[in-house]
Each structure stands twice: as C-alpha cells, then as structure tokens.
Amino acid sequence: MVWTPENLARNASLRINTYKDNMLRPLEDYMSDHNPLYLLELDGNNTPEELHSSVMSRVGSMAIPRVSIPVLLHQRDDEDLPEDIDTEDLLRIMSSSRVVAPSFRWRRSLWGRTCPVALKEGMVIPGKPELSVGVSIIGPPQAGKSTLCKLLAQNYSALVLDMDELMQPVLAKVEQERLDKIKEETTQMEEADTDADLRTGWVLDNFPKNLFQMDALQQAGILPDILFCLQDSDGHQVLSRLYEKNKESVDIAVSKRSQDKHSEKEKEALNHNVHESEVETKTADLDTVAEEPEEYPEQFEIDSTAHSDRIKKEALVLPDNWGMGYPDGPKMNDYKLQLQQFESEWEKMRSALTISHSVLEISGKSPEDLLKEMIRIMEKPFKYASCEVSTMDLDEEAEDIEALAELEIAEEGNSNSDTAEEEEEVNTTAMRLLGDTHHFCPVTLKNHNVLWPCTDEIAAKYREKTYYFSSKEAKESFIQNPEQFVAQTEPLKPLALRIFLLGTRGSGKTTQGEWLAQQLGLFHIQFREQLQMLIMAKTNKRVLYADEVESSEEPAEDLEALIKEARGEDKEETGDTSVNREEVVLTDEEKAIKAYLSYGDPLTPHILDMVIAPYWKQEPYMSTGFILEGFPHSPDEVQYMLQQKLFPDIVVTMMVDVMDVQKRLLPTYLEKLRKRGNYRKAQLKLLRDLRKKNQRISGISTTMSLVQEENISKRRAELMDEKGTKSLKTKFRYNENEEDNEEAEDEDNIEDEIEAMLEEEFPQEEENDDAESEENEAAATERLETEIEERFVTDENNLVTVTELLSEQNIPKVSINASRKLRIVRHQLLHKIQPLLTNRESLFQKCQPISYTLVLKLLLSSYKHHSAFGCWDPIKENRNTFMLNPLKYLRQPKPNPSLPVKMAVVGPAKSGKTTVAQMFAQKYGLARLSIGGVMRMVLNTQEHTDLAVQMKKHLSQGLVVPDELAIQCLEVALMSTVCSTRGYVLDGFPMTLKQAQLMGSRSIIPMIVVELELDTVEVLKRGLVDKMKPKKPHLMHDSSEILHIRNSCYKQEVEHVRQYFQQQHNNWILLNGLKSKWCIWDSILKEVSISMKYIHSYLERTRRGQAACINRLCITPKELQCRLGEFGLYCPVCLALHYHLVDCSETASLALAAEYRAHYYKMCGSDHLEKFLATPDQFVHPGCPHTLPESHLLPKKLTEIQVKNRFPQQVEMKGFCPVTYLDGKQRISRGLLVVRYEALVRGNVEYAVEYREKIYIFETKQKQDKFLRLPETYWDQKLPSKVPPLCEAVPLTSLPTLGYLEQGVAVAVIKAMTAVGCLKPKYPFLSIQRSALLYVAYYLKAFNHRSTDYVRRKYKKQLAMFEENCELIPYLSSSMRGNYRPPSERPFDFEFKLIRFLALGDPPGASGVM
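Residues numbered from 1 in each chain as written. Predicted model: local features only at pLDDT ≥ 70, side-chain atom pairs only at ≥ 80, totals over all residues. Heavy atoms only, no water.

J.: An account of the environment of Met 1163 is needed here, citing residue identities and associated values.
T.: Of note, Met 1163 is situated in the loop between strand E21 (1159–1162) and helix H47 (1166–1174). Overall, Met 1163 belongs to the buried group, its relative accessible area being 2%. When the C-alpha atoms of Met 1163 and Ala 1151 are compared, they prove to be 9.1 Å apart, with 12 residues separating the residues in sequence. In this structure Met 1163 touches Cys 1131, Pro 1132, Val 1133, Cys 1144, Leu 1152, Ala 1154, His 1168, Leu 1169 and Phe 1172, once residues within four positions along its chain are discounted. (Helix = DSSP H or I, 4+ residues; strand = E, 2+ residues; numbered from the N terminus. Buried < 20%, exposed > 50% of the residue type's maximum accessible area, 1.4 Å probe, protein only. Contact = heavy atoms within 4.5 Å.)

J.: Report on the nonpolar core, specifying residues and quantitative values.
T.: Within the largest apolar cluster, 51 residues are counted, with the highest numbers of intra-cluster contacts made by Phe 469, Phe 527, Ile 612, Trp 616 and Leu 628. Once you skip the residues sitting within four places of it in the chain, Ile 612 turns out to touch Phe 527, Leu 628, Phe 631 and Leu 646. One finds Val 961, Leu 965, Phe 989 and Tyr 1050 within the second-largest nonpolar core, a separate group that totals 35 residues. (Core = buried A, V, L, I, M, F, W, Y, C linked by side-chain atoms within 4.5 Å.)

J.: Any chance you could break down the pairing of strand E3 (residues 202–205) for me, citing the residues and the numbers?
T.: In the case of a regular strand, side chains alternate between the two sheet surfaces. Along E3, one buried face is formed by Trp 202 and Leu 204 and the opposite face, lined by Val 203 and Asp 205, is buried too. Note: strand E2 (residues 159–162) against E3, 4 bridges, orientation parallel. Bridged to Asp 162 within E3 is Asp 205. (Pairing = 2+ DSSP bridges.)

J.: If you had to explain the sheet that holds strand E19 (residues 1108–1109) to someone new, which residues and values would you point to?
T.: Spatially, the 3 strands line up as an open sheet ordered E19-E20-E21, and their pairing is antiparallel. For this open sheet the edge positions go to E19 and E21, each flanked by a neighbour on one side alone. In terms of strand pairing, strand E20 (residues 1153–1156) meets E21 through 4 bridges, oriented antiparallel. Along E21, the bridge assignment pairs Tyr 1156 with His 1159. The strands that H47 touches are E19, E20 and E21; relative to E20, the one it contacts most, it runs at about 10 degrees. (Axes fitted to C-alpha atoms, helices over the stretch in contact; angles between N-to-C directions.)

J.: Any details on the packing of aromatic side chains? Residues and values, ideally.
T.: Two measures describe an aromatic ring pair: the distance that separates the ring centres and the angle between the ring planes. Going through the model one piece at a time under the given rule, you end up with 35 aromatic pairs. Each ring, one from Tyr 1339 and one from Phe 1343, has its centre 4.5 Å from the other, and the planes form 40 degrees; the classification is tilted. With relative accessibility at 16%, the residue Tyr 1339 sits in the buried group. Judged by relative accessible area, which is 46%, Phe 1343 ranks as partly exposed. Just above the ring of Tyr 545 sits the side chain of Arg 505; from NZ or CZ to the centre is 3.9 Å. Over the face of the ring belonging to Tyr 545 we find Arg 528, whose NZ or CZ atom lies 3.6 Å from the ring centre. (Phe/Tyr/Trp six-rings, centres within 6.5 Å; stacked < 30°, edge-to-face > 60°. Lys NZ or Arg CZ within 6 Å of the ring centre and 35° of its normal.)

J.: Let's hear about helix H55 (residues 1349–1366): which residues, and what values?
T.: For H55, which comprises 18 residues, the first-to-last C-alpha distance of 26 Å matches the rise-based estimate of 26 Å (1.5 Å per residue) to within 8%. Next to the buried residues of H55 lie helix H54 (1328–1342), helix H56 (1368–1375) and helix H57 (1390–1399). (Expected span 1.5 Å × (residues − 1).)

J.: Please give an account of the pattern of salt bridges that cites residues and values.
T.: Enumeration over the complete set of coordinates arrives at 36 salt bridges. Where Glu 1100 meets Arg 1104, a salt bridge forms, and the shortest distance between an N and an O atom there is 3.0 Å. With relative accessibility at 53%, the residue Arg 1104 sits in the exposed group. (Salt bridge = Lys/Arg side-chain N within 4 Å of Asp/Glu carboxyl O.)

J.: How would you explain the packing of H55 against H56 if you had to name every residue and give the values?
T.: At their nearest, the axes of H55 and H56 sit 4 Å apart, and the two run at 25 degrees to each other. Considering the angle they form, H55 stands roughly parallel to H56. Taken together, the residues of H56 that come into contact with H55 (itself represented by Glu 1364, Asn 1365 and Cys 1366) are Leu 1368, Ile 1369 and Pro 1370. Here the contact of H55 with H56 is composed, by residue class, of 4 nonpolar, 1 polar and 1 charged. (Parallel < 35°, antiparallel > 145°, perpendicular 65-115°, else oblique. Nonpolar A, V, L, I, M, F, W, Y, C, P; charged D, E, K, R; others polar.)

J.: Which residues make up the side chain of Arg 498, and what values go with them?
T.: As for its position among the elements, Arg 498 is in strand E9 (residues 498–503). Despite its burial, Arg 498 pairs with no opposite charge, the nearest such side chain being Asp 649 at 5.6 Å. Among the polar contacts made by the side chain of Arg 498, one reaches the main-chain carbonyl oxygen of Asn 449 at a distance of 3.1 Å. With residues up to four places along the chain from it excluded, the contact list for Arg 498 reads Asn 449, Val 450, Trp 616, Phe 626, Phe 647, Pro 648, Asp 649 and Ile 650. (Lys, Arg positive; Asp, Glu negative; His and termini not counted. Polar contact = N/O pair within 3.5 Å; in protein donor to acceptor, adjacent residues only side chain to side chain.)

J.: Report on unusual backbone geometry, specifying residues and quantitative values.
T.: A cis amide bond, omega 5 degrees, links Glu 619 with the succeeding residue Pro 620. Considering the arrangement of structural elements, one finds Pro 620 in the loop between helix H24 (614–617) and helix H25 (621–624). Note the cis peptide between Phe 631 and Pro 632, where omega equals -5 degrees. Assignment of secondary structure puts Pro 632 in the loop between strand E11 (626–629) and helix H26 (635–644). You will see that Lys 645, though not glycine, has its phi angle at about 60 degrees, which is positive. Although it is not a glycine, Arg 1112 adopts a positive phi angle of roughly 65 degrees. Structurally, Arg 1112 can be placed in the loop between E19 and helix H45 (1117–1122).

J.: Describe the packing of helix H38 (residues 946–956) against helix H39 (residues 963–973), listing the residues and the values that go with them.
T.: The axes of two packed helices give the description: the angle between them and the distance between them. The geometry of H38 relative to H39 is characterised by a closest axis approach of 11 Å and an angle of 140 degrees between their N-to-C directions. For the element pair H38 and H39, the recorded crossing hand is left-handed. Where H38 abuts H39, its residues Leu 947, Gln 950, Met 951 and His 954 lie against Leu 965, Gln 968, Cys 969 and Val 972. Broken down by class, the residue content of the contact of H38 with H39 amounts to 5 nonpolar, 3 polar and no charged. (Left-handed = near helix turned anticlockwise from the far one by under 90°.)

J.: Which residues make up the sheet that holds strand E6 (residues 387–388), and what are the values?
T.: Pairing within the open sheet is antiparallel, and its 3 strands lie in the order E6-E7-E8. Whereas interior strands pair on both sides, the edge strands pair on one side only; in this sheet they are E6 and strand E8 (465–468). Relative to strand E7 (residues 459–462), E6 runs antiparallel, the two sharing 2 bridges. Each bridged residue has a counterpart across the sheet, and for Cys 387 the counterpart in E7 is Lys 461.

This is the structure in structure tokens:
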C-alpha cells in the first residue's frame, strides 16, 4: 500500500495544529458573533451525502425563499405565433406553457404585452403607470393643449417641452438647420434626463404640427410613445375661445360692420320716405296743400331724426351672449380657416402615424376630465382588464382539475378511476380561484352594502380570479371599471351578520330569537311587533290574527250596553262614547297595516321601505347586525326583498310538529277562554241583579212574572213543610241538650237548599239561554286543537313557499328542530350560527388543501412562497380549523425564529430527572442525551474514528472512560440535526466540577441547569418502591447501600457544580423534587420560556442595532469584564441624570444589564434599564453629559478587617458619620446657622469607605450608600471645636464573672439551651447528658456568626445528621412493637433505619460522632 505524504500521521497532525493555531480561533470568534439561527455545526466524520442531507434539511426548516429564475415560455422550436395576435389570446397561450403543476398557470405581469427591458432602457421605472417615455399633445388653437401638458406633466413629474420656445433663436436659419436644432435640443433633454437621479418623461406641447415635422422627429428617433389630438367636432368650443381671446378686435370689427349696414339702411329709409311724401302731395287738395308744406317738413324731420337715432343706438349696442358663443362674420373666417388647415394636416399625419395615438373630443369637457381620460388611455396597457368567462376558460379549468386529480392519485398510488371522477365533479367549482368577494356579487356589495350570493351562471374574470354577479347589468358595470369593486390594499371587510328567523306560530322563534341575539350581541327585531307599534300609537289596542278572534268577543259591547241601560245611564252618553271611539281615523297606510296584521293582506312597498329598509341602511344596525323575525312572510315580501336587494346571510327555520304547537298554545288559549267565560258570567249576573232591582223599585211586573212568583211561593211553602217535618223527626235522634246556635245553622242550611231547588225548577229564560250557549272545557279543547291545526297548516304552507323562493336565490338555510328540549334547541342554534360570527372576518376568503409534493414543486419553482410562519404551524390544531378562519391566524404576530432549547436536568438518584427529560423529549421533540447513551452512540456509529478507538482502549482495560473523551462524545452527539434544530436535554450530566469545566471549554453551555433537590430519606424510600416492582427489564444496582453511597457522592460533587454554574453562567435553577412531575414540568417550562424570550429579544434588538438586555445569556464574569463599557459596573443612567455614582458590582445577576455597541452596561433598577434600552445614546459616550471619575477618585467599601489592616491610619472626622453630620448639622434659627448636637453620631466600623486615600465610617448602611453616590458632597468636612466626649471601651475581662458571662456568652448559650430543651435529644448508645452536651456544642458551632460560611454550613449539616440519628430511637420503638412481622409487612424504610441504628453502636461510629 502506498501512502501520500500529506496523509502521513506527522504531516496530518502538523496541518491540524497549524489550522488550530492560525484559523480556529478567528473562526470561533466569528461564529460567536454570528446569528446562531444561521450557524450550522456538522460532524466531519460523516459522509458527504449525510452532510448534504443535514444541510438541506436545516435550510428547509428555515423556510428561506428561493431565488426566482426566469422561465422561457415560448421556445424557438415551438410554432411561431402571428404578430397580429390578440393580447388576451397571447397571454392565454403563454399562461398554459410549461406550467409548474396543473391548475397553477402563469399570470400576466403588470407590463402586459410591453417589454420591461425596453421600458427600462427608455429611462422609466418598470411596473408603474409612468411607463410612457414621451407624450405629444396637439390640437387646433385654443384647444387647451398647454393646460393639459402642464397637468399631465405634473401628474407624472415629467418635463414640458414647448417647441415654439425652443425654435425662437433659430427661426431665421434654413429648414435643415432648424431640424438639427430640434434634434440637438431633444438630445440634450435626453442626456440631462439620463444623468438625473430620478428619471422622468417629457410632454411635447403642440408638436409635431404637420407631416414634415413628424418625419423629422421620426428620422431623429425621438418620436413620442403616444400622441393625443384634441378635436372639436363642431368647432364652436375652439371658436368661442378664440373669440374670447381676441374679443376686443372682433367686437370693433363687428361694430364697424354693423354701423356700415345701419348707415345703408338709414339712407334707404330716407329715400323711401321722400318718395312717399311726393306721392301724397300730388293727391291732396289745394287748400290743404297750401297749409301742409309748412307742417310736413317739420314732422318729417322729427320722424326721420328719431328713426336714425334709434337705428344708431341699435347698431352700437352688441349682445352680451352670442348664440354660438361668438359672432359669425368675416372676422371669424380667419379662425375657421385655421381649424380647417389643422384638420387637413391631422388627416395627413394620421394616415402616416406609426405610434399609438388617440383623438379626444374637447366639447363640453373640462381640463380635469380630459386629463383623467388621457391617464386612463396611457395606463390601459399596464392595467389588468376584466373579461367574461368563456367556454375556453371552462374547458381549461376542467382540464386542470382533471390533471390535478390524476397527479394526486399518482402520488397516493390509488388507481381507482371512479373516485377520480367523483372528485372531479365535486371539485370543479371548489378548486376555482374566486375573487375578493368570494361567491357574493361585488357590485351589489359596493353599491347597496348587501351580500347577494350568486352562482357561476353570470361570471367574469379579473386578474385570474372569477367573480359571480347577480345580473348582467352588474357584470357589465364590473367589466367597465373592475378596480372600483375589488380590494386595493387590504382584504374587504365583511358586513355585519344579518339573520332571518322564520317559523310557524308556536314554534318558539321569539323566545329563541331573543336568546340568540343576546348571546351573539345582535339586535332582535320582530317584524310584526314593529307594525303593531305603528297601529297602537293611535288605537292603543293590538291587532290579532283574524283566525284567532273569538266569537264570544263580538257581543261584549252589546252586553256592556245592556248593563248601562239597566243602570239607567243616559243613552246619549253611551252614544257619545261610541262616537268618541269611532272618531279614531286611520290613514291608508295604517289601514293597510291593520289588514296585514289581521288578514295577511300584502303591504305596499312604501310601508316596507319605512319598516324594513332602515335595518340595512342605517346605524347601529349596519355595523352591529340583527335577527329579523317573521320576515318575509309571503311571496310578495320575498319579491320586495329581491327588488330592494335586502338579503340576509342565513335563514333560520324553526321546524316543529303540530302536536308540539298544540301543547304549547293550548294552555294559554284555555286560560284566556276561562277568563273570558268568568268575566261574561259576572257581567250576566250583574245584569240580572240590576234588572231585579229595577223591577222591585218600579213595582211593574207582567202577568207571567206574577204567575211565576205565585208558583214559586206555593212551591216554597211545600218545601218548607217537607223540610220542617224531616227536621222534627231528625231532632229526636239527637240529644235533647243541643245548643240553639246549631239549630239556627240548620235552619239557614235548609233555606239555602230550598232556594237552590227553586232556581233549578224555575230558571230564568236568560240563564237557560246562557247555559245552552256555553260549552264545556272538553268541547273547547277540541275546538281549539282543530283551530291550531288549521293555522299551523296555513303557516307551514306559507313557510315552505317562502323558503323555496329564498333557496332559489342561493341564500343559505338552516333548519332547527324546535320540538326538542329548550337547551338542545339553543345548543343547535348556537352551534350552527355562532361560527358565522366567529369566522366573520374570513367570509370572503377561501382555502383549499394541497398535497405536500405539490407544495414542494410550487416552492422550488418560486411560484409560491412561504408565509410569515415559515414551516411552523400557525394554529397548532387541525387544518380544517385554519380553513374556516384563515385571517384570524394569519394576523397573528410574526413568530420568532426557532432556536434550539438547551437544558440539563441533574439530581440525586430516584429524583425523577429521567422522567422530566423524557417528557420534554416527547412533547417538544428534543434529544434526550445521557453520558452513557452518547458514548454508546459513538461506539456503535463511529467505531472507526480515533475517539472510538481511544474509548475502546480504556474499556478493554476495565477503566472508566475519561471525562475528556466523554465530553468529546457529547460534542459529537450535539452535532445531530435534532440537537441543532430543536435542542437537547442532558439527563444527569454534568455530575462533577471537572465535567462542567470541560463543557465550558467546549462551549457546551445549557441555557438552564435544573437541580431536583431530594433528601436522603426520600431517595431511599423511592429506591425501595422501585425495588419491589416486578418485571424489571434488567438487573439494577438498587440496593439501599448503593443508593446511599451514590447519594452521598452526588451531594459532595453537586456543591461544586452548583457553585460553578451560579458564578460562571447564573443559570442554575433549584426545584423541589418532592413535588409531582407535572408541577416540576410547569416550573421548568416557565423557566425555559423566560430564557427563550430573553434570547429572542436579544437577537432581534441587536440585529436592529438597538440596546438589548443580556439576562439569561449565560455570560461569564470574564466575558463581562472584557466587554464592560466606559462606565464599568457603575449605572450610566444615574450618572447621566443625577450625577450619582451607583456601584452595581454587588449583584452578580445580569437581569439589569444590557449590551449596546458590543459593550456591556449594568443598571441599578428596572426603570433605569427601560430608559437605557429606549434611548441608549443618551447615556453613553458622547451623549452622556458626565464621565466616570478616575479609578483613584472612586469610593471603595472596606470591611472591618481591611480597616484594621490600615493601622496606624486613622478614620476621618474622629469616627463621626459625615452623612449624618452634614444632613443634620445646620438649622435656621432667627436667620443664623447653628450646629445641632444630635447630628454628631459615631459611625460603625462595618460600614467603612475609602475615598481619596481617607477612611470614613458611617452610622448605617443607608448612610454609607448615600456617601458612595455623592462622595464629593460629604468628604471634605470639618468638625466643630467642641465634640462629644469619646466613649472609652471597657475591657471585657475587667468585668466581674456574671457581667463577663452576660456580655460574652449569654445570648448564644441561652439560644442553645432553648433549642436542646425543646428537642430533648437522645443519641443512640449515648447517655442523655452526653447527647445534650453534643447537641449544644454542634449548635454553638453552627450558629457562630464570627465563623466563616464554610464552617457554619459544615456544622449545620452535622447538626441535622445528629437530629436524624436521634429520631431513630422513637421510630424503631414504634415500629417494633407487637408481634413479629415479615419483611413485606414492615415499613419500606425500616431496614435502612435499623441498619443505620446498629451502625452507630460500633466504636468507630461512636468515636466519630464524639
């Protein structure tokens, strides 16, 4: 075998060392500063294929968008397309060429058929309406060319070029030079435009004017892209403007011409008058002729003069408004000739034009209207056009759906053609891409604020989306201006929920409607009640259904009239009352409403507009929504609803059986019937009594009544005789001592019986008639049931007709079985209606499921892109829930990038760390890593690597794998895809300080380390429980001795590990292992969430260049010191705001620390941290107004030992507290400053500070902190000449015995004696006296405040162990009472405690304790 030199061990190691020395450290520094989200660590021992797979899976999980690559749709080998092909046909062909997947065709761009590259070269911004490079506007004089040029240039920020101004300096030159000048000027404009930062277009004002100028522009290559010609068909608009411009000269010419005409007329009139006068003189008499020559000449002069003046006046006054807007005369012929010349030149240019041109009619249009029309023409090629859905579109859609179904079948491996056909039929419209209003008409929604559901019978396409319409007129309106009806910047907002609630009488629609409206927060409207309110405002009486009015109600007024007549009330008053009642006059509308309420006659549209329409067009119903009950009730109302476009979102029908309706309505009807019967009986009795009374008063009776009274009297006497005889016979049967009152009662009862018998034998005629007319309850029940059934049938027929008409309009319908229990009916209502309100915001949205393979194709081709959620689930539920309301979940805040969770769980044996680690691994997909597991993984999967070889070498020798190799195995395991993407949880690692330090050197730092704390007794208890479990998978070392040893070793090592993580990373979390696993799970999850929140916030803020909190980032003290800012550990906020020196070095926590510009800063409080994070530049250089003093000018705290070590240096101010002295020494008294004796307080050596090489001591810690904040305020003070005398210390040894003991050991001894007295300890195998002395000794050692922390903790543990051993005697004595018990019946910790008790009896144990 031949080895290449570079593969030799020594050469390879040399290259590796060179790489580590020169490259590794800079790379590690770069990686530490890099975003961990985009940092991938791979194991170089893997194959290239495995490495590539890891990288691709990691990149795929990041949802990084792919680069969009242009696709050439029309190949040269394909069939050539004709040049004159229509744009829509061309785009249709291109959209179906080389598609990514079926049903995902290419869509047209904003440029349409225009080349975007050519537009870019033409100095324009691609994809904007400003794509026109140059525009020319020509027209006859005074057509508004200049005005439109300025408006158009202002709209698009373009340049206006007036060729008349450009050609002024060169008018004297020859034609060729003139054309060269034009080209030169235009070229200069193009060069200046090219050099500009913002490229603009240009607008030519009235150029070219003729065919020669147009040829010159074409030869120069500077023809505009579009030419607008302003045209006035009848010429009146232009001639009117020309007249207004030259009004003075035209008016003078018109006046002069009119004067000439009038002068000619005047001469003709004079000649005519002279001729007439001559004729008259010849026919007159001689006498008259002699007189008239004197009079006629004067009269003739007067008439002729007045006539000439009138003619001159008419000739000089011109009309203010001409009929055509200008005078028609020779002066205007020149302007007409100019119009004719322009039209002839335009016809010549028009036939030779090679660019796009448009003729605009200016008659009757303002400049703004013309500007809008020009903009529309210019932007038309770059806007989407709508069109009708053609047969070709439907065929393409069917082909796409069929191909997509075949693709899905091929992916699933299913060849069932029947299933494919069914899916095709179902999904033909489901896969269609609907517009912004889904299946609702967009025109009706925009114009009438109504949701009208439509079908694909009338449809149009716009931007590859299909829109449904309610009518052909709506479709035509949409095609003309689609942008008016579609969403612009955000999805359309759906309208408030509108519900129709229908049902028969007795179906419970009113009760359920009120409850449902309260639950959904809607208005509940009863259509019939609204009409009742309109009628009751006048009549104060409700209008009942005609079939519900009882016949017994009709003669009620007659009965009242009879009662009033019997009372003797005046008939005139009664008549007046009836007249007053009849005075209520109803209008035609109110009569129609009453007829509707009573007989169901149709209402007029005017009444329905007044009652129904406001709920669709007025607030607060428009924004809140409503439930309309009882409308529509008839086909006429449905027809009105369609005409007025008042559509609901859903129609809820309460279905019920006739038996249930009878059960609900019959009790109410019977109760009303009973009340009416009782009332009638009372009225009849009243009437009868009144008549009797009237007969007795008047004394008038008929013969029949006298005969009847005689018969009644005779019969009463007979009955009295019979009753009397019977009573006498009965009386002897009773005791003779019967009381008189009982006899009186018997006589009364006999009289009542006689009267009842007489009423039965001699009934009155009225009572007989009433008895015959009254019906019993059974007959009434039967009659009412029949009536209810008839009404139900009528209502149900109307309801079926109405629902069928509504279903024809595609309005959703929900049927509720109202015959069930109330709670079930309400549950059904809420279950079916509440989703309409909950998912209301996504009413116009549509989602469709898609296969994963198809998703990959669309993403790879850049046809689709990932959402803001990337590969994360936005809902954490099933897909169907998301499809019901996608906007609810898409409007969530953008999720934070996924960071791997890194944590470790440690604890003693049986503490549950493995259970917690497995829970995290199962719930969040983390990798559970134990040190034994990672070593086995390396041995199994990478047995040929150098790491595996070294491990096998140690294992073959029976040695433990060194910690260095174990950490390398852990590092290899952490490079897996799961660990780098989701994270890991270390199970029971690290266990020693060396392992923790090695992990830190390899940058393996968990974000949190959780310790499950558990005492020894609980560990042994759990060990015994596990030991008793049957069916163990393998032999386990679970004896009590092994558990005790493992627990002791763990407690010895965990102290150092805990201290290391607390000091270095501050990420140690201590939890009570006695709690349940769910409580521990919640606590750990809460800590992990807090850490992840801080890490995400840190990465996001540092990416933006903002200050970020560095809490929970596991920053070591060394790193903190290296990257401290210019203020060190002093709070920059206090220094900047108050010039206070606040030292934050006492707290090792970084909860109030922040990073800004790669430097760390610590704050003294949370409020200061928030201020620093908000405006960090205010508190750091150069924004901070103060700088930190030099190190020798900073105050430093001193301990008592440090103060003693400075001997012979003395404290300043003779030991008085400077803060107390300065704050309280001055007091204003009569304008003088006096010294307060109370301000001179001696300080405590425990609170000492060194400042400017001087030592100060303070009264309290608060005073010490105040001096540390403001040392310059308190340091340089002078004591008064007289100070209190110093208290000389009395040596403790000079005191008497009792005083010495009291001052020296009294407090400590009393506490120790109290404790031993409360516990009363008895140590095994020792006397009570010896036990008490040992306990006192341990207690004094454990609570000696002058000892170090280590010594106190040591003796506290020994004291606790002493107490546990003392508890063994009472425990064993209570457990060993009675008869012998087998081991299975003993307490599970009995064996352990017995062994421990017996071990204390050995001499080594006893001597060790003592």
